[in-house]
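Understanding the architecture of this molecule
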Amino acid sequence: MRITAALDTPEEIIPLPNILNLRAPVALDEIIGNALEAHGTPRGTADRLLHTLRDSGNPCTALGRALGAVFGFEPLGETAGARPIALVGPPGAGKTITIAKLAARAALADRPVKVITTDGFRAGGVDQLVAFTRLLEIPLHKALSRAELERRAKPDTPDQLVLIDTAGINPFSPAEVRHLSELVSSVDAEPVLTLAAGGDALDSMEIGEVFGAIGVGRLLVTRLDAARRLGSILAAADGGGLSFSNVSVSAHVARGFHVLEPAELARLLLSDPIQSALAFTFDEAVL
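So, a few notes on the structure that sits alongside this text. (Residues numbered from 1 in each chain as written. Predicted model: local features only at pLDDT ≥ 70, side-chain atom pairs only at ≥ 80, totals over all residues. Heavy atoms only, no water.)

Observations concerning the overall build of the protein
Along the protein, the regular secondary structure elements total eleven helices and eight strands. In the protein, 77% of the contacts between residues at least 6 apart in sequence involve partners at least 24 apart. Summed over its atoms, the accessible surface of the protein is roughly 14300 Å², and 53% of this surface lies on carbon and sulfur atoms. (Helix = DSSP H or I, 4+ residues; strand = E, 2+ residues; numbered from the N terminus. Contact = heavy atoms within 4.5 Å. Areas by Shrake-Rupley, 256 points an atom, 1.4 Å probe, with all protein chains shown as cover.)

Below you can see the structure in the form of structure tokens.
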């Protein structure tokens, strides 16, 4: 008797390219197309970018220009009298620590800030924000009903920044989405989708569509330092017609929060950064 054994061939994994150092002549659209594919970018989104390319001889420059043409880039500002900012998104997206980062940035700029939480469900969620705000010497207000939020969300001074940390919702539950939309609109807050990098691209595209439909206009990306493939954030922005605002590349409250620009996003898409070095690399390039 003869027994023959064989190993299944594993599904091919497309490696992330490190094309910034390429020397052999390769077509620009091929270089960028391969990079977008390696990042798991949905075909429709990749095609939109590729059709917008203008040959500049430099892949980073060409992709940066295409990103700037296809997507908006609008960082969160600190304009006096601006609408309250409400961070919204699925559970675990990093809304609470991002609220703390925004509050710290305002405090360091000597701008009065008010932090409100509507999250009365997640175990430890409020405790985490209490610790952050106590460290920053900023009072934390709880608003567990629409009426409470309407009372709390009014700024105490004309230049006060109002930040609202909302409870994470299931973006595929119409009832939860509707409740969140009504809550945020009751105080005329700007809802900003907060989404962690590295998720499934098609899920992220649908999440972007859901939040875009309720008036979200900007996307804030978290955990960029813990993601190798960024196709999901392109998909979310494309699905919801969202502009990129800021990114978080560190779990530390006092640092790792930056404006995302087309050239920087292009550089990240066209390189193969080591996870542990990404935050440092991003800081060096942006600051």
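So, the packing of aromatic side chains
All told, the structure shown has two aromatic pairs when counted by the stated rule. Centre to centre, the rings of Phe 71 and Phe 244 are 5.4 Å apart; their planes meet at 70 degrees, and the pair counts as edge-to-face. Separated by 173 residues along the polypeptide, Phe 71 in the loop between helix H3 (59-70) and strand E1 (85-88) and Phe 244 in strand E7 (residues 243-248) bring together distant segments of the chain. Across the pair, Phe 244 and Phe 71 agree in class, each one buried. Feature note: the residues Phe 71, Phe 73 and Phe 244 constitute an aromatic cluster, connected by ring pairs. (Phe/Tyr/Trp six-rings, centres within 6.5 Å; stacked < 30°, edge-to-face > 60°. Buried < 20%, exposed > 50% of the residue type's maximum accessible area, 1.4 Å probe, protein only.)

Section: helix H8 (residues 201-213)
End to end, H8 covers 18 Å across 13 residues, agreeing with the expected 18 Å (1.5 Å per residue, within 8%). Buried within H8 we find Ala 201, Ser 204, Met 205, Ile 207, Gly 208 and Phe 211. Seen from one end, H8 has its buried residues packed into an arc of 160 degrees, which puts them on one side. Facing away from the buried surface of H8 by more than 90 degrees, the exposed residues are Leu 202 and Ala 213. Among the structural elements, helix H2 (43-52), E1, helix H7 (174-185), strand E5 (190-196) and helix H9 (231-240) are those in contact with the buried residues of H8. Taking the backbone nitrogen of Leu 202 as reference, a side-chain oxygen 3.1 Å away marks Asp 200 as the first, capping residue of H8. Just past H8, the residue Gly 215 takes up positive phi, approximately 100 degrees. (Expected span 1.5 Å × (residues − 1). Arc of directions from axis to C-beta. Polar contact = N/O pair within 3.5 Å; in protein donor to acceptor, adjacent residues only side chain to side chain.)

Some words on the layout of surface pockets
Estimated volume of the largest pocket: approximately 370 Å³. Taken together, 22 residues line the largest pocket, and the ones lying closest to its centre are Gly 92, Ala 93, Gly 94, Lys 95 and Thr 96. For the lining of the largest pocket, the element with the highest residue contribution is helix H4 (residues 95-108), accounting for four residues. (1 Å grid on protein atoms, 1.4 Å probe; cavity = no way out; pocket = protein on both sides within 12 Å on 5 of 7 lines; lining within 4 Å. Points joined across faces, edges and corners; volume = space filled by probe spheres on them.)

Topic: the packing of H2 against H9
Running from amino to carboxyl end, H2 crosses H9 at an angle of 85 degrees, the nearest separation of the two axes being 9 Å. Judged on the interaxial angle alone, H9 and H2 are roughly perpendicular. Every residue of H9 that contacts H2 at Thr 45, Arg 48 and Leu 49 is listed here: Leu 234, Ala 235 and Asp 238. For the contact of H2 with H9, a count of residues per class yields three nonpolar, one polar and two charged. (Axes fitted to C-alpha atoms, helices over the stretch in contact; angles between N-to-C directions. Parallel < 35°, antiparallel > 145°, perpendicular 65-115°, else oblique. Nonpolar A, V, L, I, M, F, W, Y, C, P; charged D, E, K, R; others polar.)

Section: the pattern of salt bridges
Overall, the coordinates contain seven salt bridges when judged by the stated rule. Here Asp 156 makes a salt bridge to Lys 114, at a shortest N to O gap of 3.3 Å. Taken as a pair, Asp 156 in the loop between helix H6 (146-152) and strand E4 (161-165) and Lys 114 in strand E2 (residues 113-117) lie far apart in primary sequence, 42 residues in all. Here Glu 150 ties to Arg 146 by a salt bridge, and the two come within 3.5 Å at their closest N and O atoms. Of this pair, Glu 150 and Arg 146 both sit in helix H6, four residues apart, which is roughly one turn of the helix. Residue class for Arg 146 comes out partly exposed when judged on its relative accessible area of 44%. (Salt bridge = Lys/Arg side-chain N within 4 Å of Asp/Glu carboxyl O.)

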